[in-house]
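# Commentary on secondary and tertiary structure
So the chains spell out like this:
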Amino acid sequence: MDRRAFIAGAGAAVAAPIAAQAQTTGAGKGETVSIRGYLKRVTNHYYVIAPTAQKTDPKTTNYAAWPTDVVRVYPKDAGKMTLGLVTIKGRFYKGRQMDAASGTVATVVLTDAVMN
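Note that the structure is a prediction, hence the values are computed from the model and not measured. (Residues numbered from 1 in each chain as written. Predicted model: local features only at pLDDT ≥ 70, side-chain atom pairs only at ≥ 80, totals over all residues. Heavy atoms only, no water.)

This part takes up the environment of Thr82. By the secondary structure assignment, Thr82 is in the loop between β3 (71–75) and β4 (84–98). Put simply, Thr82 and Leu39 are 43 residues apart on the chain and 7.6 Å apart in space, counted from C-alpha to C-alpha. Aside from chain neighbours lying at most four places away, what touches Thr82 is Leu39 and Met115. (Helix = DSSP H or I, 4+ residues; strand = E, 2+ residues; numbered from the N terminus. Contact = heavy atoms within 4.5 Å.)

Another point: the pattern of salt bridges. Note that side chains of opposite charge can pair when their charged atoms are close. The final tally for this structure, using the stated rule, is two salt bridges. Here Arg72 makes a salt bridge to Asp57, at a shortest N to O gap of 3.7 Å. Of this pair, Arg72 sits in strand β3 while Asp57 sits in the loop between β2 (47–50) and β3, placing them 15 residues apart in sequence. Assessed through its relative accessible area of 0%, Arg72 is described here as buried. Classification of Asp57 as buried rests on a relative accessible area of 5%. (Salt bridge = Lys/Arg side-chain N within 4 Å of Asp/Glu carboxyl O. Buried < 20%, exposed > 50% of the residue type's maximum accessible area, 1.4 Å probe, protein only.)

This paragraph deals with the pairing of β2. Residues of β2 alternate between two faces, with Tyr47 and Ile49 on one and Val48 and Ala50 on the opposite face, all of them buried. In this sheet, β2 lies alongside strand β1 (residues 29–41) in antiparallel orientation, the contact comprising four bridges. In the sheet register, Tyr38 faces β2, and the bridge partner there is Ala50. Count of turn residues in the β1/β2 antiparallel hairpin: five residues. (Pairing = 2+ DSSP bridges.)

Next comes the structure, spelled out in structure tokens:
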């Protein structure tokens, strides 16, 4: 996937939900994408990225409560992640996912994430 086409086609991160940006590219089944947004650490093993700094992980057990503009991020190497406004790259998945360690769920996930 061409990163510039992804970002240009989706518009600014604030203008549209991050998950919708990736969905418009045909992603959702493990395609590698780059996403720009605000990265926050949630636990010692995952983060979330959202279009605004105010958005965070809802820590929910209800799939319907997962916001469409928040992506759960599982880093390849947590020690190399930087918080704040970033661009990250990883494998994008949509669908039901439960984090076994925390018991919380998500419907939009980025795995093997690295700083771009």
